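Listed below, chain by chain, are the residues.
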Amino acid sequence: MTDPGDVPPEILARLRPVCLGLPEAYEEPAWVGTRWRIRKRTFAHVLTVDPDHQAAYARAAASDEPICVLTFRSPGDEIAGLLAGGHPFFKPDWGADVVGMLLDDGVDWAEVGELLTESYCVLAPKKLAALVDRPAEPPARPTGPGQPSGTSGARRDMLPG
């Protein structure tokens, strides 16, 4: 990594085929990191958060260490389910349908692919979204004893107001 926000090449290598495999999607450098868009709408953004430079991301992800973060869009009815599972998901405060995900050693890349495909479909014109093979069910996040019933409230308190 050479610049603030640079993403490890192995992470970009996992994300690119999914994002660029969607109709009319394209990649471009973001203000920091890399983003994928449909038309002029960003459906995925990945960056390495440096708490000294991207303080809002660091607070949202509850991290004071550099960490790779993916943000994407999710249908409103799925956001609570993602957040209820806790780690690796968090709720940024900059968009009702934006969800954040820490890309650490435990990443389920199949789930990431499903989430990015769904994110694309949230923002793409209906005609393009109809061309996409989507899973029948959204990715399930297990909850049970010992797992938080939801972290969005606790983490929301840490976001800039």
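Parameters and conventions
- Residues numbered from 1 in each chain as written.
- Predicted model: local features only at pLDDT ≥ 70, side-chain atom pairs only at ≥ 80, totals over all residues.
- Heavy atoms only, no water.
- Phe/Tyr/Trp six-rings, centres within 6.5 Å; stacked < 30°, edge-to-face > 60°.
- Helix = DSSP H or I, 4+ residues; strand = E, 2+ residues; numbered from the N terminus.
- Buried < 20%, exposed > 50% of the residue type's maximum accessible area, 1.4 Å probe, protein only.
- 1 Å grid on protein atoms, 1.4 Å probe; cavity = no way out; pocket = protein on both sides within 12 Å on 5 of 7 lines; lining within 4 Å.
- Points joined across faces, edges and corners; volume = space filled by probe spheres on them.
- Nonpolar A, V, L, I, M, F, W, Y, C, P; charged D, E, K, R; others polar.

Undergrad: Give me the packing of aromatic side chains: which residues, what numbers.
TA: Using the criterion set out here, one finds 1 aromatic pair in the structure. Ring centres of Phe43 and Tyr120 lie 5.4 Å apart, and the angle between their planes is 85 degrees; this geometry places the pair in the edge-to-face category. Of this pair, Phe43 sits in strand E3 (residues 41-49) while Tyr120 sits in helix H4 (residues 109-123), placing them 77 residues apart in sequence. Take Phe43: its relative accessible area is 0%, and that puts it in the buried class. Residue class for Tyr120 comes out buried when judged on its relative accessible area of 0%.

Undergrad: Before we move on, can you summarise the layout of surface pockets with the specific residues and values?
TA: Empty space within the largest pocket amounts to approximately 170 Å³. Looking at the largest pocket, it is lined by 13 residues, and the ones nearest its centre are Thr42, His45, Thr71, Arg73 and Trp94. When residues of the lining of the largest pocket are traced back to their parent elements, those giving at least two are E3 and strand E4 (67-73). For the lining of the largest pocket, the element with the highest residue contribution is E3, accounting for 4 residues. When the residues that make up the lining of the largest pocket are grouped by side-chain class, the tally is 8 nonpolar, 3 polar and 2 charged.

Undergrad: Please provide a residue-by-residue account of unusual backbone geometry, values included.
TA: Of note, the bond from His87 into Pro88 is cis; its omega dihedral lies within 30 degrees of zero at 15 degrees. With respect to the helices and strands, the residue Pro88 is situated in the loop between helix H3 (76-84) and strand E5 (89-90). With phi around 65 degrees, Glu24 is a residue other than glycine that occupies positive phi space. Relative to the elements of secondary structure, Glu24 occurs in the loop between helix H1 (9-20) and strand E1 (25-29). For Glu24, a relative accessible area of 49% translates into the label partly exposed.

So yeah, pure geometry; function would need other evidence.
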